[in-house]
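An overview of the molecular structure
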Amino acid sequence: QAEKEKLLAELHQQEKLAGMGRMVAGVAHEIRNPLGIIQSSAELILKKAKADNHPHTRIIEAMYGEAKRLSRTVHEFLDYARPRTPRMDEVDICRIIEQAAVFLERECEDKGIRLERACPEGTTALGDRDLLYRAVYNLLGNAIQAMAHAKDAGKDHGGVIEVAVAPATDETGS
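Now for a look at the structure at hand.

Okay, the side chain of Q39 next. Mapped onto the elements, Q39 comes out in helix α1 (residues 2-51). Other than its neighbours up to four places away in sequence, Q39 contacts Y64, A67, K68 and S71.

If you look at the biggest cluster of nonpolar residues, it comprises 19 residues, and the most contacted ones within it are L115, L140 and I161. For this core, the elements supplying multiple residues, two or more each, are α3 (93-111), α4 (129-152) and β4 (160-164). By residue number, the principal contributor to this core is α3, which donates seven residues. Setting aside residues up to four positions removed in sequence, I161 forms contacts with I113, R114, L115, E116, L140, A143, I144 and M147. Counting residues in hydrophobic clusters, the runner-up holds six residues, among them A25, L35, A67 and V74.

This structure, assessed with the given rule, holds one disulfide. Across the disulfide, C94 is cross-linked to C119 (sulfur-sulfur distance 1.8 Å). Taking the sign of the torsion about the S-S bond as the criterion, the disulfide between C94 and C119, at about -85 degrees, is left-handed. Of this pair, C94 sits in helix α3 while C119 sits in the loop between β2 (114-118) and β3 (124-127), and the two are 25 residues apart along the sequence.

A few words now on unusual backbone geometry. With a phi angle near 55 degrees, N53 is a residue other than glycine that sits in the positive phi range. Within the secondary structure, N53 is located in the loop between α1 and α2 (57-81). A relative accessible area of 68% means that N53 is categorised as exposed.

On to α1. Working note: α-helix, 3.6 residues per turn, so residues spaced by three or four point in the same direction. Between its first and last C-alpha, α1 extends 70 Å over 50 residues, near the 74 Å set by a 1.5 Å rise per residue. Backbone geometry just after α1 places N53 at a positive phi near 55 degrees.

What follows is about the pattern of salt bridges. Following the criterion strictly, the structure yields 10 salt bridges and no others. Close ionic contact of K111 with E107 constitutes a salt bridge, the shortest N to O distance being 3.7 Å. Residue K111 and its partner E107 are both found in helix α3; the two are separated by four residues, about one turn of the helix. For K111, a relative accessible area of 30% translates into the label partly exposed. A relative accessible area of 21% places E107 in the partly exposed class.

About the cut-offs
Residues numbered from 1 in each chain as written. Predicted model: local features only at pLDDT ≥ 70, side-chain atom pairs only at ≥ 80, totals over all residues. Heavy atoms only, no water. Helix = DSSP H or I, 4+ residues; strand = E, 2+ residues; numbered from the N terminus. Contact = heavy atoms within 4.5 Å. Core = buried A, V, L, I, M, F, W, Y, C linked by side-chain atoms within 4.5 Å. Buried < 20%, exposed > 50% of the residue type's maximum accessible area, 1.4 Å probe, protein only. Disulfide = S-S within 2.5 Å. Expected span 1.5 Å × (residues − 1). Salt bridge = Lys/Arg side-chain N within 4 Å of Asp/Glu carboxyl O.

Purely spatial values, then, with no claim about function.
Here is the structure:
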């Protein structure tokens, strides 16, 4: 009887958590659209401010960066709230790395970080292109943030992020 009550209590708790998850996912969905407008508007204002050498460029840059970060957080949360089965396609890893690097190029320049890539052409892997792109983008973004924080703390280590891809080997080393 005690075991049954414990299981019922756990089930009730799981139902409450699931309901709360649905509610929070709904709120996140409602935040996404206005946040997208804020982010794109901040990006346009930032481009104009940089072109005009406006004195408030750094503040606008911070606003744009935070809107972008919050947008990523909402996007990741919504993905977590409704997981999907990953595809298993043949994916060009070098192209994914290059696309992520292009989007992060400006941030690297602004922070004095060089992003070096070594990827043999035609290197492929089986996986979900979108999920792999997001993983590479997040890893590079985290590395850029960590290096910027280290630089701010006086622990600058050269400002280079190296991304190298090599073919996998099996357990026999071949």
